[in-house]
Amino acid sequence: MIAAERSEQTMKYLTLLSEKFPNQQAVFTEIINLQAILNLPKGTEHFMSDLHGEYEAFLHILNNCSGVVREHVDEDFGDSLSEREKGELCTLIYYPREKIALARAAHQDSPTWYKTMLDQLITVARRLSSRYTRSKVRKAIPHDFAYIIDELLHTHPDENNYRVRYHERIIGSILETDSTEDFIYSLAELIKVLAVDHIHLVGDIFDRGGGAAKIMDRLLRCEHQRTDIQWGNHDILWMGAAAGEPACIVTVLRNNLRYGNFEILENDYGISLRELVSFADRTYRAGERITPLIKAINVMLFKLEGQIILRHPEFDMHDRLLLNKIDLADATVEIDGARWPLTTSDFPTLDPDSPYELTPEEGRIIDKLVQEFTGSDHLRSHIDFLYRHGSMYLVRNSNLLFHGCVPMSADGTFTNVNCLGTWRAGRDYMDFCDSIARRAWRTREQEALDWMWYLWVGHKSPASGRLVKTFERSYIADESTWAEPMDPYFELTREVPACDAIMREFGIVPGSGHIINGHTPVKTIKGESPIRADGRLLVIDGGFCQAYHPKTGIAGYTLIASSRGMRLKAHEAFKSVEEAIIRNADIQSETTRFDVPTRRLMVSDTDTGEEIRAQINDLRQLLEAYRSGQLPEAAR
């Protein structure tokens, strides 16, 4: 393109770009740098799903990078270290502070031990750093020792071994100045950052386990790491609660009380349940299968949900309006023309004439809870993180990531959903859901807040995708009423045609990548496979949550995509951090390799490569503008 043909808009862009690259030499340098990056190996991507508050298991898998760290230790040391020594080194990388404290208590922390550990850590860090540009490695090095670590990583033998002696002198000085422990902490952190280039969390950080707040705190501390989140229904529930949606708030209380997680509400987020507990104890009968507290929460929840359903006939959820179908006299409820006995007749706040109206006291409790959820600074910081790093779906490197489903009809077409008067389906519907979720957090408009509740529980919600039967499961003993029909998506995507249709809908060439989901635990114990439709679909919810372990037969899946292909890891249950530190007890995992490329994948094969090529094209235009005199160069 000659200068005269460049549009005014292009020239404005090139003028801005020239501020960063003010002359031809700067442009040359950057083009050379970018072209070199294209020829580096593709960074390792780490996929996890459905953490459900299992903090210790999450922390350990984050630390060991699903076994990637151990693989590098094995490659680096082979038979030169025993299995016990390699286990000791790995545990030091995973938990450096705790492992050093243990060595000190056992009087093993001699200068020789420290020097051995430093040398081994530097060996592992040097191998990992070779996959990245020196600039990127420098940015990953903890600030306090950046210069020294950078020197050690790039020390290689020379003719007279000057660099090796220089390396040895640095190590000696570290030992002499009592900075060894801090230096080990920094090296261990660097190794873990370099082992995984990008972390994908495919939904449901919250609920069931009690450590969701700790998981979020950890993610906040590591915000420099490349992390993205595809919102799950439980994440959206908490997002709606933090934005002030009452039905979401009461559901959060119900979920966490059912699993005994008082701590996350009261200790982590400072949300007091005292007034609610007092009201429940005064109002409801004790001594039945359902506690007074859960009774109080259930009734308020069904009233609030009823109000939303009545405000939004387009949600098509009138079959969920059941409070008005309760016969208090004989303690039964009518569902689809049949009457079912209830497990309790204790509904003191239910007015048959206005079944979905809160009593004045219930209203005051709800108002107070809204204030507490919206006023929790700690919760707000976590939800802000979910919005900054999260979305309903992500397309990356020919992989389509979302938590639940793309709602479909039985004939394989995408379901049309009424979205504020406009009918949407497929990717268009997913985009709307993402937009309305952000609007709820930004504006707290009732319309958007109501949609947050629908995204949590609606049977056409891409985050849920099932008909939820909370009322039946709470009040009817006959389990035949508990069945929760799933969206046709979950059966259709066991076959290739539906998966291909979805990939085309999101701009992916069928067969070139994968759909990656969580949400539905894979019952490995019953022979289910997480790899479906000839590898088109990967379901990586293997049951991190301890409550699922008996159903799934494992303790979670993680997926690793590296320059050498993809690996699915099926994990055994994690015992404890204490076991890991004392006995070097790693999570044992079974690896399934698939999608192995014919050659090693490089950065040029990824979306990052596409972005870099676009940058190089822009820089070439800037170079031509300098050469043609259309833009002036700054002095060198």
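Visitor: Would you mind showing me how to read the environment of Gly67 here?
Guide: Turning to its location among the elements, Gly67 is positioned in the loop between helix H3 (55-64) and helix H4 (68-77). Between the C-alpha atom of Gly67 and that of Asp618, which follows or precedes it by 551 residues, the distance is 40 Å.

Visitor: Mind showing me how you'd approach the side chain of His46 here?
Guide: Examined against the element boundaries, His46 turns out to sit in strand S1 (residues 45-48). For His46, the contacting residues outside a window of four places in its chain are Ile61, Cys65, Ser66, Val196, His198, Ile199, His200, Thr558, Leu559 and Ile560.

Visitor: In this structure, what is going on with the sheet that holds strand S13 (residues 531-532)? I would like to understand it.
Guide: Across a sheet, strands are paired by hydrogen bonds formed along the backbone, either parallel or antiparallel in direction. In space, the five strands of this open sheet follow the order S8-S9-S12-S14-S13, with mixed pairing throughout. The sheet is open, and its two borders are formed by strand S8 (393-396) and S13, each paired with just one other strand. Relative to strand S14 (residues 537-539), strand S12 (residues 514-517) runs parallel, the two sharing three bridges. Residue pairing for S14: Asn517 is matched across the bridge by Val539.

Visitor: Please explain helix H21 (residues 446-457) as it appears in this structure.
Guide: For an α-helix, the turn length of 3.6 residues means that residues three or four places apart are oriented alike. Compared with the 16 Å implied by 1.5 Å per residue over twelve residues, the 17 Å span of H21 between its first and last C-alpha is a close match. With respect to burial, H21 is a largely interior element, ten of its twelve residues being buried. Within the span of H21, buried status applies to Ala448, Leu449, Asp450, Trp451, Met452, Trp453, Tyr454, Leu455, Trp456 and Val457. Elements that come into contact with the buried residues of H21 comprise helix H13 (233-243), helix H14 (246-258), helix H17 (292-311), helix H19 (377-389), strand S10 (417-419) and helix H20 (426-443).

Visitor: Can you help me understand the side chain of His72 in this one?
Guide: Along the polypeptide, His72 turns up in helix H4. The contact partners of His72, leaving out residues within four places of it in the chain, are Arg127, Leu128 and Arg131.

Visitor: How do you make sense of the packing of helix H2 (residues 24-37) against helix H27 (residues 607-628) when you look at a structure like this?
Guide: Two packed helices can be described by the angle between their axes and the distance between those axes. The interhelical angle for the contact between H2 and H27, taken along N-to-C directions, is 160°, at an axis separation of 10 Å. In terms of axis orientation, H2 runs roughly antiparallel to H27. The two elements H2 and H27 meet at a crossing, and its hand is left-handed. Judged by residue contacts, Gln24, Val27, Phe28, Glu30, Ile31, Leu34, Gln35 and Ile37 of H2 engage Ile612, Gln615, Ile616, Leu619, Arg620, Leu622, Leu623, Tyr626 and Arg627 from H27. Partitioned by chemical class, the residues of the contact of H2 with H27 number eleven nonpolar, three polar and three charged.

Visitor: When you look at the environment of Leu237 in this model, what are you seeing that I'm missing?
Guide: The residue Leu237 is located in helix H13 in this model. Leu237 sits in the buried class, given a relative accessible area of 0%. Between the C-alpha atoms of Leu237 and Thr374, which are 137 residues apart in sequence, the distance is 14 Å. Apart from the residues lying within four places of it in its own chain, the contact partners of Leu237 are Asp207, Cys248, Thr251, Val252, Asn255 and Trp456.

Visitor: Any chance you could explain the pairing of strand S3 (residues 226-230) here in plain terms?
Guide: Two faces belong to every sheet, and in a regular strand the side chains alternate between them. For S3, a buried count of four out of five residues is recorded, marking the element as mostly surrounded by other parts of the structure. Here strand S2 (residues 198-201) pairs with S3 via four bridges, running parallel. Residue pairing across strands places His200 opposite Asp228, the latter belonging to S3.

Visitor: What exactly am I supposed to notice about the packing of H14 against H21 here?
Guide: Relative orientation of the contacting elements H14 and H21 amounts to 40°, with a least axis distance of 9 Å. Along its contact with H14, which presents Ala247, Cys248, Thr251 and Asn255, the element H21 presents Met452, Trp453 and Trp456. Taken together, the residues that form the contact of H14 with H21 break down as five nonpolar, two polar and no charged.

Visitor: Can you help me understand the sheet that holds strand S4 (residues 326-327) in this one?
Guide: In space, the three strands of this open sheet follow the order S4-S5-S6, with antiparallel pairing throughout. Looking at the sheet topology across the chains shown, the edges are occupied by S4 and strand S6 (338-341). Direction of pairing for strand S5 (residues 332-335) relative to S6: antiparallel, over a ladder of four bridges. Within S6, the residue paired with Val333 across the bridge is Trp340.

Visitor: I keep staring at unusual backbone geometry and nothing clicks. Help me out?
Guide: Glycine aside, negative phi is the norm for most residues, and most peptide bonds take the trans geometry. With a phi close to 60°, His107 is a non-glycine residue in the positive phi region. Considering the arrangement of structural elements, one finds His107 in the loop between helix H6 (96-105) and helix H7 (111-129). For His107, a relative accessible area of 71% gives the class exposed. At Asn397, a position not held by glycine, the phi torsion is positive, near 55°. Along the chain, the position of Asn397 falls in the loop between S8 and strand S9 (399-402).

Visitor: Looking at this model, I keep getting lost on the pattern of salt bridges. Mind explaining?
Guide: When their charged atoms lie close together, side chains carrying opposite charge are able to pair. A complete count under the given rule lists 37 salt bridges for this structure. Note that Lys115 and Asp119 form a salt bridge whose closest N and O atoms lie 2.8 Å from each other. With a gap of four residues between them, Lys115 and Asp119 both fall in helix H7, about one helical turn apart. Under the relative-accessibility criterion, Lys115 is labelled partly exposed at 28%. Judged by its relative accessible area of 24%, Asp119 falls in the partly exposed class. Arg380 is the partner of Asp377 in a salt bridge, and the nearest nitrogen-oxygen pair spans 2.7 Å. Of this pair, Asp377 and Arg380 both sit in helix H19, three residues apart, which is roughly one turn of the helix. Residue classification places Arg380 among the partly exposed positions, given a relative accessible area of 29%. Look at the salt bridges and you will find they share partners, linking Arg70, Asp74, Glu83 and Lys86 into a network.

Visitor: What should I look at first to understand the nonpolar core in this one?
Guide: Within soluble globular proteins, side chains that are nonpolar tend to cluster in buried spots. If you look at the biggest cluster of nonpolar residues, it comprises 181 residues, and the most contacted ones within it are Ile205, Trp238, Phe373, Trp451 and Trp453. Apart from the residues lying within four places of it in its own chain, the contact partners of Trp238 are Phe206, Asp207, Val252, Asn256, Ile264, Leu265, Tyr269, Phe373, Leu379 and Ile383. Among the nonpolar cores identified, the runner-up in size contains 19 residues, and Phe21, Leu40, Ile612 and Ile616 belong to it.

Cut-offs applied
Residues numbered from 1 in each chain as written. Predicted model: local features only at pLDDT ≥ 70, side-chain atom pairs only at ≥ 80, totals over all residues. Heavy atoms only, no water. Helix = DSSP H or I, 4+ residues; strand = E, 2+ residues; numbered from the N terminus. Contact = heavy atoms within 4.5 Å. Pairing = 2+ DSSP bridges. Expected span 1.5 Å × (residues − 1). Buried < 20%, exposed > 50% of the residue type's maximum accessible area, 1.4 Å probe, protein only. Axes fitted to C-alpha atoms, helices over the stretch in contact; angles between N-to-C directions. Parallel < 35°, antiparallel > 145°, perpendicular 65-115°, else oblique. Left-handed = near helix turned anticlockwise from the far one by under 90°. Nonpolar A, V, L, I, M, F, W, Y, C, P; charged D, E, K, R; others polar. Salt bridge = Lys/Arg side-chain N within 4 Å of Asp/Glu carboxyl O. Core = buried A, V, L, I, M, F, W, Y, C linked by side-chain atoms within 4.5 Å.

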